[in-house]
Amino acid sequence: MLILLPPSEGKTPAVGADAADWSALSFPALNSARAKVLEALGTVSAHEDALALLGVGVSLSADVERNTRLHAEPAAPAHQVYSGVLFDALGYDSLTPAQRKKADASVLVVSALWGAIRFADRVPAYRLSMGIALPDVGRLASFWKPQLGEALAAATTGELLVDCRSSTYAAAWTPPPEQTVAVNVFTETAGVRKVVSHFAKHTRGELARHLLSRRGKAPQTPAQLKKAAAEKWAAELVEGTARKPHTLNIILPG
(Lines give C-alpha, C1' and ligand atoms only; values in the text may rest on other atoms or scores of the structure.)
Protein backbone atom coordinates (compact mmCIF):
# COMPACT_ATOMS: atom_id res chain seq x y z
CA MET A 1 0.00 0.00 0.00
CA LEU A 2 1.17 3.51 -0.86
CA ILE A 3 -0.55 6.68 0.31
CA LEU A 4 -0.37 9.60 -2.13
CA LEU A 5 -0.50 13.03 -0.49
CA PRO A 6 -0.36 16.61 -1.77
CA PRO A 7 2.14 18.93 -0.11
CA SER A 8 0.91 21.63 2.21
CA GLU A 9 0.85 25.14 0.79
CA GLY A 10 2.50 26.40 3.97
CA LYS A 11 5.86 25.00 5.01
CA THR A 12 7.79 25.06 8.30
CA PRO A 13 11.37 26.22 7.61
CA ALA A 14 14.18 24.16 9.10
CA VAL A 15 16.51 25.97 11.51
CA GLY A 16 20.24 25.49 11.92
CA ALA A 17 20.45 22.44 9.66
CA ASP A 18 22.50 21.51 6.61
CA ALA A 19 21.17 22.19 3.13
CA ALA A 20 19.47 19.43 1.18
CA ASP A 21 21.56 16.82 -0.57
CA TRP A 22 19.69 16.53 -3.83
CA SER A 23 21.52 13.37 -4.80
CA ALA A 24 20.05 11.66 -1.72
CA LEU A 25 16.40 12.32 -2.57
CA SER A 26 14.14 9.42 -3.46
CA PHE A 27 13.53 8.81 -7.17
CA PRO A 28 16.90 10.17 -8.40
CA ALA A 29 15.70 9.81 -12.00
CA LEU A 30 13.78 13.04 -11.33
CA ASN A 31 16.88 15.06 -10.41
CA SER A 32 17.40 16.68 -13.81
CA ALA A 33 13.75 17.75 -13.90
CA ARG A 34 14.03 19.02 -10.32
CA ALA A 35 17.06 21.10 -11.27
CA LYS A 36 15.17 22.63 -14.20
CA VAL A 37 12.21 23.59 -12.02
CA LEU A 38 14.50 24.96 -9.29
CA GLU A 39 16.36 27.19 -11.75
CA ALA A 40 13.12 28.53 -13.21
CA LEU A 41 11.65 29.08 -9.74
CA GLY A 42 14.72 31.02 -8.61
CA THR A 43 14.53 33.25 -11.68
CA VAL A 44 10.83 33.97 -11.23
CA SER A 45 11.20 34.53 -7.48
CA ALA A 46 13.84 37.23 -8.09
CA HIS A 47 11.57 39.07 -10.55
CA GLU A 48 9.94 42.35 -9.47
CA ASP A 49 6.54 40.78 -10.19
CA ALA A 50 7.37 37.52 -8.41
CA LEU A 51 4.34 37.58 -6.11
CA ALA A 52 1.92 37.92 -9.03
CA LEU A 53 3.76 35.35 -11.13
CA LEU A 54 3.61 32.81 -8.30
CA GLY A 55 0.02 33.67 -7.41
CA VAL A 56 0.65 34.70 -3.80
CA GLY A 57 0.05 37.79 -1.67
CA VAL A 58 2.45 40.24 -0.08
CA SER A 59 2.29 38.39 3.25
CA LEU A 60 4.31 35.60 1.60
CA SER A 61 7.15 37.83 0.38
CA ALA A 62 9.67 36.18 2.69
CA ASP A 63 8.68 32.73 1.41
CA VAL A 64 9.16 33.85 -2.20
CA GLU A 65 12.51 35.47 -1.40
CA ARG A 66 13.62 32.18 0.15
CA ASN A 67 12.98 30.52 -3.22
CA THR A 68 16.02 32.36 -4.61
CA ARG A 69 18.46 30.48 -2.33
CA LEU A 70 17.02 27.01 -1.89
CA HIS A 71 20.33 25.28 -2.60
CA ALA A 72 21.71 26.86 0.57
CA GLU A 73 18.60 26.84 2.79
CA PRO A 74 18.48 24.52 5.83
CA ALA A 75 16.60 21.30 5.13
CA ALA A 76 14.59 18.90 7.28
CA PRO A 77 12.66 15.68 6.67
CA ALA A 78 9.57 16.33 4.55
CA HIS A 79 7.25 15.25 7.37
CA GLN A 80 8.58 18.21 9.39
CA VAL A 81 8.58 20.77 6.58
CA TYR A 82 5.04 20.07 5.39
CA SER A 83 2.47 21.43 7.82
CA GLY A 84 -1.20 22.32 7.72
CA VAL A 85 -4.52 20.59 8.22
CA LEU A 86 -3.79 17.25 6.55
CA PHE A 87 -0.34 16.78 8.06
CA ASP A 88 -1.51 17.87 11.52
CA ALA A 89 -4.24 15.23 11.35
CA LEU A 90 -1.74 12.58 10.26
CA GLY A 91 0.40 13.49 13.28
CA TYR A 92 3.72 11.90 12.30
CA ASP A 93 5.49 12.95 15.51
CA SER A 94 2.99 11.08 17.69
CA LEU A 95 3.29 7.80 15.76
CA THR A 96 5.30 4.99 17.31
CA PRO A 97 8.78 4.29 15.88
CA ALA A 98 7.40 1.29 13.98
CA GLN A 99 4.54 3.37 12.58
CA ARG A 100 6.95 6.14 11.52
CA LYS A 101 9.04 3.58 9.69
CA LYS A 102 5.88 2.43 7.94
CA ALA A 103 5.02 6.04 7.06
CA ASP A 104 8.49 6.65 5.63
CA ALA A 105 8.04 3.64 3.35
CA SER A 106 4.36 4.08 2.51
CA VAL A 107 3.78 7.81 1.95
CA LEU A 108 4.57 9.60 -1.31
CA VAL A 109 4.16 13.39 -1.51
CA VAL A 110 3.59 14.69 -5.04
CA SER A 111 5.29 18.09 -5.23
CA ALA A 112 5.50 20.98 -7.67
CA LEU A 113 9.24 21.35 -6.98
CA TRP A 114 10.43 17.82 -6.24
CA GLY A 115 8.02 15.80 -8.39
CA ALA A 116 7.64 13.11 -5.73
CA ILE A 117 9.43 12.52 -2.45
CA ARG A 118 9.11 10.34 0.63
CA PHE A 119 8.63 11.51 4.21
CA ALA A 120 12.27 10.96 5.21
CA ASP A 121 13.68 13.02 2.32
CA ARG A 122 15.32 16.22 3.58
CA VAL A 123 14.07 19.35 1.79
CA PRO A 124 13.98 23.11 2.48
CA ALA A 125 10.79 25.12 2.86
CA TYR A 126 9.69 26.66 -0.44
CA ARG A 127 6.68 28.31 -2.07
CA LEU A 128 5.38 26.85 -5.33
CA SER A 129 2.03 25.44 -6.38
CA MET A 130 1.40 22.78 -9.01
CA GLY A 131 -1.04 25.14 -10.73
CA ILE A 132 1.73 27.62 -11.65
CA ALA A 133 3.46 27.95 -15.03
CA LEU A 134 7.20 28.72 -15.02
CA PRO A 135 9.38 30.06 -17.88
CA ASP A 136 11.02 27.30 -19.95
CA VAL A 137 9.06 24.74 -17.92
CA GLY A 138 5.42 25.58 -18.56
CA ARG A 139 2.47 24.45 -16.49
CA LEU A 140 3.96 22.30 -13.75
CA ALA A 141 1.27 19.61 -13.77
CA SER A 142 1.89 19.07 -17.50
CA PHE A 143 5.67 19.15 -17.02
CA TRP A 144 5.66 16.51 -14.27
CA LYS A 145 3.12 14.12 -15.75
CA PRO A 146 5.45 12.19 -18.09
CA GLN A 147 8.34 12.47 -15.64
CA LEU A 148 6.38 10.94 -12.77
CA GLY A 149 4.79 8.28 -14.92
CA GLU A 150 8.21 6.88 -15.75
CA ALA A 151 9.95 7.47 -12.41
CA LEU A 152 7.20 6.03 -10.21
CA ALA A 153 6.33 2.99 -12.31
CA ALA A 154 8.65 0.56 -10.52
CA ALA A 155 7.83 1.86 -7.02
CA THR A 156 4.08 1.55 -7.51
CA THR A 157 3.81 -1.73 -9.42
CA GLY A 158 1.51 -4.12 -7.58
CA GLU A 159 0.74 -1.60 -4.82
CA LEU A 160 -2.69 -0.40 -3.74
CA LEU A 161 -2.56 3.39 -4.18
CA VAL A 162 -4.64 5.39 -1.70
CA ASP A 163 -4.95 8.73 -3.47
CA CYS A 164 -5.48 11.59 -1.02
CA ARG A 165 -4.25 14.30 -3.41
CA SER A 166 -6.22 17.41 -4.29
CA SER A 167 -7.27 17.79 -7.93
CA THR A 168 -4.41 20.23 -8.60
CA TYR A 169 -1.80 17.64 -7.66
CA ALA A 170 -3.70 14.67 -9.07
CA ALA A 171 -3.31 16.34 -12.48
CA ALA A 172 0.47 15.83 -12.29
CA TRP A 173 0.32 12.04 -12.40
CA THR A 174 -2.38 9.53 -13.31
CA PRO A 175 -1.53 6.15 -11.78
CA PRO A 176 -3.05 2.91 -13.10
CA PRO A 177 -6.80 3.15 -12.32
CA GLU A 178 -7.19 -0.54 -11.45
CA GLN A 179 -4.89 -0.19 -8.44
CA THR A 180 -5.89 3.34 -7.38
CA VAL A 181 -8.56 4.48 -4.93
CA ALA A 182 -9.33 8.21 -4.82
CA VAL A 183 -10.59 9.43 -1.44
CA ASN A 184 -13.57 11.79 -1.29
CA VAL A 185 -15.19 13.24 1.82
CA PHE A 186 -18.82 14.31 2.23
CA THR A 187 -21.08 15.49 4.98
CA GLU A 188 -24.60 14.13 5.07
CA THR A 189 -27.65 15.68 6.71
CA ALA A 190 -31.13 14.20 6.33
CA GLY A 191 -29.94 12.15 3.37
CA VAL A 192 -28.43 15.14 1.54
CA ARG A 193 -24.68 15.01 0.86
CA LYS A 194 -22.33 17.93 0.42
CA VAL A 195 -18.70 17.91 -0.68
CA VAL A 196 -16.39 19.40 1.95
CA SER A 197 -12.98 21.00 1.45
CA HIS A 198 -11.33 21.97 4.74
CA PHE A 199 -12.63 18.90 6.57
CA ALA A 200 -11.70 16.75 3.58
CA LYS A 201 -8.04 17.61 4.18
CA HIS A 202 -8.42 16.80 7.87
CA THR A 203 -10.23 13.53 7.21
CA ARG A 204 -7.71 12.43 4.58
CA GLY A 205 -4.97 13.05 7.13
CA GLU A 206 -6.89 11.03 9.70
CA LEU A 207 -7.36 8.23 7.17
CA ALA A 208 -3.63 8.17 6.46
CA ARG A 209 -2.91 7.98 10.18
CA HIS A 210 -5.45 5.21 10.64
CA LEU A 211 -3.91 3.15 7.85
CA LEU A 212 -0.42 3.63 9.29
CA SER A 213 -1.33 2.90 12.90
CA ARG A 214 -4.02 0.20 12.76
CA ARG A 215 -3.17 -3.39 13.64
CA GLY A 216 -2.94 -6.07 11.00
CA LYS A 217 -1.84 -6.09 7.40
CA ALA A 218 -2.15 -3.03 5.22
CA PRO A 219 -5.04 -3.15 2.75
CA GLN A 220 -4.10 -4.72 -0.55
CA THR A 221 -7.35 -4.26 -2.47
CA PRO A 222 -9.96 -1.50 -2.75
CA ALA A 223 -12.43 -3.68 -0.81
CA GLN A 224 -9.94 -4.14 2.02
CA LEU A 225 -9.35 -0.37 2.08
CA LYS A 226 -13.09 0.25 2.40
CA LYS A 227 -13.25 -2.24 5.25
CA ALA A 228 -10.36 -0.51 7.03
CA ALA A 229 -11.96 2.93 6.60
CA ALA A 230 -15.27 1.58 7.94
CA GLU A 231 -13.52 0.87 11.24
CA LYS A 232 -13.76 4.63 11.91
CA TRP A 233 -16.23 6.18 9.47
CA ALA A 234 -19.29 5.50 7.38
CA ALA A 235 -17.67 4.52 4.09
CA GLU A 236 -18.65 3.27 0.67
CA LEU A 237 -16.65 2.07 -2.32
CA VAL A 238 -17.51 3.02 -5.88
CA GLU A 239 -15.96 0.59 -8.32
CA GLY A 240 -13.68 2.05 -10.96
CA THR A 241 -13.60 1.46 -14.68
CA ALA A 242 -10.87 0.83 -17.22
CA ARG A 243 -10.20 4.58 -17.24
CA LYS A 244 -11.33 5.78 -13.83
CA PRO A 245 -9.96 4.80 -10.42
CA HIS A 246 -12.05 3.34 -7.66
CA THR A 247 -13.45 5.88 -5.22
CA LEU A 248 -13.68 5.64 -1.44
CA ASN A 249 -16.38 7.95 -0.11
CA ILE A 250 -16.11 8.83 3.58
CA ILE A 251 -19.36 10.20 4.96
CA LEU A 252 -19.25 12.58 7.93
CA PRO A 253 -22.33 13.60 9.91
CA GLY A 254 -23.59 17.03 8.88
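Note that this is a predicted model, so its numbers are computed, not measured.

Give me the lowdown on the environment of G138, citing residues and values where you can.
With respect to the secondary-structure elements, G138 resides in strand β7 (residues 138-139). The spatial distance from the C-alpha of G138 to the C-alpha of A40 is 9.8 Å, given a sequence separation of 98 residues. When neighbours within four sequence positions are excluded, G138 is seen to be in contact with I132 and A133.

How would you summarise the packing of helix α1 (residues 31-45) against helix α7 (residues 140-151) if you had to cite specific residues and measurements?
Relative orientation of the contacting elements α1 and α7 amounts to 165°, with a least axis distance of 11 Å. The angle between the axes of α1 and α7 places the two elements in the roughly antiparallel class. In this structure, the crossing between α1 and α7 has a hand that is right-handed. Contacts between α1 and α7 involve A33, R34, K36 and V37 from the first element and L140, F143, W144 and Q147 from the second. Counted by class, the contact of α1 with α7 contains five nonpolar, one polar and two charged residues.

Any details on the environment of G149? Residues and values, ideally.
The topology assignment puts G149 in helix α7. Looking at G149, the relative accessible area reads 33%, which means it is partly exposed.

If you had to explain the packing of helix α6 (residues 97-106) against helix α10 (residues 198-213) to someone new, which residues and values would you point to?
Two elements in contact, α6 and α10, have axes whose closest approach is 9 Å; the angle formed by their N-to-C orientations is 115°. Pair α6 / α10 crosses with right-handed handedness. Here α6 contributes Q99, K102, A103 and S106 to the contact with α10, which in turn contributes L211, L212 and S213. Here the contact of α6 with α10 is composed, by residue class, of three nonpolar, three polar and one charged.

For unusual backbone geometry, give the residues involved together with the corresponding values.
The phi angle at F27 is positive, at roughly 55°, despite the residue not being glycine. Looking at the element boundaries, F27 is found in the loop between β1 (2-5) and α1. Even without being a glycine, D136 presents a positive backbone phi close to 65°. Its location among the elements puts D136 in the loop between β6 (133-134) and β7. D136 gets classed as exposed once you look at its relative accessible area, which sits at 74%.

Can you explain the environment of K11? Please cite residues and give values.
Assignment of secondary structure puts K11 in the loop between β1 and α1. Here K11 falls in the buried class, since its relative accessible area comes to 13%. In this structure the C-alpha to C-alpha distance between K11 and T241, which are 230 residues apart in sequence, comes to 36 Å. Once you skip the residues sitting within four places of it in the chain, K11 turns out to touch V81, Y82, S83, A125 and Y126. At 3.0 Å, the side chain of K11 and the backbone oxygen of E9 are in polar contact.

Cut-off values and rules
- Residues numbered from 1 in each chain as written.
- Predicted model: local features only at pLDDT ≥ 70, side-chain atom pairs only at ≥ 80, totals over all residues.
- Heavy atoms only, no water.
- Helix = DSSP H or I, 4+ residues; strand = E, 2+ residues; numbered from the N terminus.
- Contact = heavy atoms within 4.5 Å.
- Axes fitted to C-alpha atoms, helices over the stretch in contact; angles between N-to-C directions.
- Parallel < 35°, antiparallel > 145°, perpendicular 65-115°, else oblique.
- Left-handed = near helix turned anticlockwise from the far one by under 90°.
- Nonpolar A, V, L, I, M, F, W, Y, C, P; charged D, E, K, R; others polar.
- Buried < 20%, exposed > 50% of the residue type's maximum accessible area, 1.4 Å probe, protein only.
- Polar contact = N/O pair within 3.5 Å; in protein donor to acceptor, adjacent residues only side chain to side chain.

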